[in-house]
Amino acid sequence: MYIKDLSKYEGQEVTLRGWASNRRSSKGLEFVILRDGTGFCQCIVDATKVAAEVFEKAGKLKLESSFSLKGKVVKDERQLGGYEVHVSELEIYQIAEEYPIAKKEHGVDFLTDNRHLWLRSSRQWAIMKIRNRIIYSIHQFFQENEFVEMDAPIFTGNACEGTTNLFETNYFDETAYLSQSGQLYGEAMAMAMGRIYTFGPTFRAEKSKTRRHLTEFWMIEPEMAFFDIFDNMDLIEAFLRRVVSDVLRDCKNELTIIGRDTAVLENITKPFPRLTYDEAVRIIKGEQDVNGKNSIKELETELASVLAAIEATKKEIAEREEKIKTPGMKKGEIGFNQSKIDKLKQELADLEEQARNIPQWLNSARNFTYGNDLGGSDETVITRLFDVPIMVYNWPHAVKAFYLKRDPDDNRFARGVDVLAPEGYGEIVGGGERETNEQMLREKITEHELPMEAFEWYLDLRKYGSVPHAGFGLGLERLVTWICKLPHVRESIPFPRMMGRLLP
RNA sequence: UCCUCGAUAGCUCAGCUGGUUAGAGCACAUGACUGUUAAUCAUGGGGUCCCUGGUUCGAGCCCAGGUCGGGGAGCCA
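All values derive from a computational prediction rather than experimental measurement.

**Q** Please explain helix 4 (residues 122-144) as it appears in this structure.
**A** Every α-helix winds through 3.6 residues per turn, so residues three or four apart in the chain are directed the same way. With 23 residues, helix 4 should cover 33 Å at 1.5 Å per step; its first-to-last C-alpha distance of 33 Å lies within 8% of that length. Two residues or fewer after helix 4 comes E146, characterised by a positive phi angle close to 65 degrees.

The following block contains the structure:
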C-alpha cells in the first residue's frame, strides 16, 4: 500500500510504511507528515481516539524516524495529495537521531555535502521523479521508432575528438581514457543496425565550475543511417516534443512541488525555429531583431532591472532590520522578518552576481567575432529572445568536430546542429550529419593533429558501404535542468560529480 | 589556467570607524496549546570567529600568504 494510491481507498483502513518528514503537535493532536517514496501524506493522531500508548509513540517521532501505521483514509482539500490518514495504530522501526537538514533554508555547500539525505526532501524527490519520466520517455520514443539501444564502451584507447581533457586510468599498464562521447562507436553500430541509440555515462575532465557543467553526466546519442541534417533536425524536434509532453501530462504533481511555471513548456507544440549560424550571429550582435526583440537592448534592460532590484532588495532588508528593532515586537513577528531578511540576502547575492556577469555578456555579444563558436553567454543571450528551443545549424567548419560533413552548397560550413533550450538554458543537444568521404576525413584528422592509427577502424566505415548518416548527443542532466527550471545541474542527478567533489 | 565573491553556533546569517562578556532566527531540550501546513508561545543549553604569520596598547574586523567553497570566462551535453 502506497501513498500514491490513497484516492482509491477513501473511507477504508490502510497500512502505510515510511519516514516522518515533519511533525507538528498540539495538546491532543499530533500531525505527522509521512513520506514513503511515492508521495507525502499528513497523518493525524488524535489522543481521544487512540490508545494512550499510540499517542505517546507518535509524540516521540523525530524528523526522518521510520515507522508504520494503520488508519482511515479521509478526503481533505487542504492537503497537496487531497487526502489525509486518521491513525489508529502506529509501530516504530527506529527513532532517528537529530536530522541535519532542518525545515529551513540551507546553503548549497551544506546541502551538497548531505546529498545522501537531501534526496529525501520533497523538491529533490519531485526532480528525481521527473528525471525518471524523462528517461522512460527517451526509451519509449526510440524503441517505438525502430531504434536499437546499443551502448558504446566507457574505456577508450584514444581521445576521440581530441578537444577536451579526459580522465586517465591505468588499464593493465596501458593508458585508457574514460569516454567523452560514444559518437564514433554509434556510427559503427548504425551501419550494422540502421538506427541505434546509446544511453550511458560520459566523462569530461574540464575544470569547469559553472551551473551547467558536471564531470560525469549521462548522454543519449542516437545515430541514423540514411539521415541528412534536415532529417536529423526533424527527429530532434519530434523527440524533444514527445519527452516534454509526457512530463507535462504525467508529472503535474511533481511540477507543482518544484513550482515550475509550465507556460514555456506548453510551447513545445510550436515549431522550433531553425537558424543558420549566420543568422544567429546577427541576432547575438543585435543586428537582427527577433519578434521585435533585440539582444543588446534586452540585455541592457535586464541589467537596469537587476540594478533596480538590488536597490529595492537592499531597501527592504534595511526596513525589516529597522522594524525588528522596534521594542515590544512579538517573537513570532521577529522570526518571520528574520527569515524574510535571510531570504532577501540570498536573493541579493544572486542579483549582485548577475550585475557582475551581465556587463561581461554584453561585451561578449557586442564584440562577437564572426567565425567563432558561440560561448555560454552568447547562448544565454540568444535563447532569452525565444520561448521554444531553437536549432542553430551550418557552423564554420573550423570550430566544429572533424567528423561533421562539409556543406555541399558552401564549403565554409559544416553540417552541425546545436539545440539551445529557452529561458537562458543554452545548449542541450549537439549533433549533425557526418562526413562520408574518407579522404576528407583523413585531411581533417591530420588538421586536428589526431593520431591517424587510432581512427583506422572508424575510416573503415567509409570503405564498406558508406552512406549519408546523422545523429546527435543529448545531455540528460541539461534537459532535466531546463524542464524543471533548476538553478543548477547539480540538482538534476542523484550524486553530482563536479570538480573537487567525490563525496558523497 | 584566468577573473570575481565568500568562510562567525548543528543550519541560515548579523556584527558599525579596530575597543569591555560575539548576537538573531531556525534546530535541539523542557513546559503550554484540540486542525497544524517551515504551526505558535515561554524558558534554557550551545562558539578553535577557516589556517599561518604580521601591524597594534588592543584584531571576528586591517595587511600578507595559504586552504576550501560559490559564480563566471575558456571548453562543452
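**Q** Looking at this model, I keep getting lost on the sheet that holds strand 4 (residues 66-75). Mind explaining?
**A** Sheet strands pair via backbone hydrogen bonds, and the direction of the pair is either parallel or antiparallel. In space, the five strands of this closed barrel follow the order 1-2-3-5-4, with mixed pairing throughout. Pairs of neighbouring strands in the sheet enclose a mean axial angle of 55 degrees, with direction left out of account. By the bridge criterion, six bridges tie strand 1 (residues 13-25) to strand 2 (residues 29-35) in an arrangement that is antiparallel. Each residue of the ladder has a partner; that of R23, found in strand 2, is V32. Its contacts with the sheet put helix 1 (residues 52-60) on strand 1, strand 2, strand 3 (40-46) and strand 5 (83-94), and the angle it makes with strand 5 is roughly 80 degrees.

**Q** Is there a simple way to think about the side chain of E379 in this case?
**A** Examined against the element boundaries, E379 turns out to sit in helix 12 (residues 376-383). It is R212 that comes nearest to the buried, bridge-free E379 among opposite-charge side chains, at 5.1 Å. A polar contact is formed between the side chain of E379 and the backbone nitrogen of E427, at a distance of 3.0 Å. If we skip the residues at most four places from it in the chain, E379 touches L374, L420, G426 and E427.

**Q** Would you mind showing me how to read the state of the cysteines here?
**A** Put plainly, two cysteines are in a disulfide when a covalent bond ties their sulfur atoms together. The tally for this structure, following the rule as stated, stands at zero disulfides. Free of any disulfide, C43 has its nearest cysteine sulfur in C41, 4.2 Å distant. Left without a disulfide partner, C484 is nearest to the cysteine sulfur of C251, which lies 8.4 Å away. Its relative accessible area of 3% is what places C484 among the buried residues.

**Q** Mind showing me how you'd approach the packing of helix 4 against helix 6 (residues 229-250) here?
**A** Packed helix pairs are specified by the crossing angle of their axes together with the interaxial distance, meaning the distance between the axes. It is at 9 Å that the axes of helix 4 and helix 6 come closest, and there the two elements cross at 135 degrees. Comparing the axis directions of helix 4 and helix 6 gives the class oblique. Seen from above, helix 4 lies across helix 6 with right-handed handedness. Of helix 6, the residues touching helix 4 (which contributes I130, R133, I134, S137, I138, Q140, F141, F142 and E144) are L235, A238, F239, R242, V243, D246, V247, R249 and D250. Residues belonging to the contact of helix 4 with helix 6 are distributed by class as follows: ten nonpolar, two polar and six charged.

**Q** I'm lost on the environment of K444 in this one. Help?
**A** Its place among the elements puts K444 in helix 13 (residues 438-447). Sequence spacing of K444 and F402 is 42 residues, and the spatial spacing of their C-alpha atoms is 5.4 Å. When residues no more than four places from it in sequence are discounted, the contact partners of K444 are H397, F402 and R406.

Rules used throughout
Residues numbered from 1 in each chain as written. Chains lettered and ligands numbered in written order. Predicted model: local features only at pLDDT ≥ 70, side-chain atom pairs only at ≥ 80, totals over all residues. Heavy atoms only, no water. Helix = DSSP H or I, 4+ residues; strand = E, 2+ residues; numbered from the N terminus. Expected span 1.5 Å × (residues − 1). Pairing = 2+ DSSP bridges. Axes fitted to C-alpha atoms, helices over the stretch in contact; angles between N-to-C directions. Contact = heavy atoms within 4.5 Å. Buried < 20%, exposed > 50% of the residue type's maximum accessible area, 1.4 Å probe, protein only. Lys, Arg positive; Asp, Glu negative; His and termini not counted. Salt bridge = Lys/Arg side-chain N within 4 Å of Asp/Glu carboxyl O. Polar contact = N/O pair within 3.5 Å; in protein donor to acceptor, adjacent residues only side chain to side chain. Disulfide = S-S within 2.5 Å. Parallel < 35°, antiparallel > 145°, perpendicular 65-115°, else oblique. Left-handed = near helix turned anticlockwise from the far one by under 90°. Nonpolar A, V, L, I, M, F, W, Y, C, P; charged D, E, K, R; others polar.

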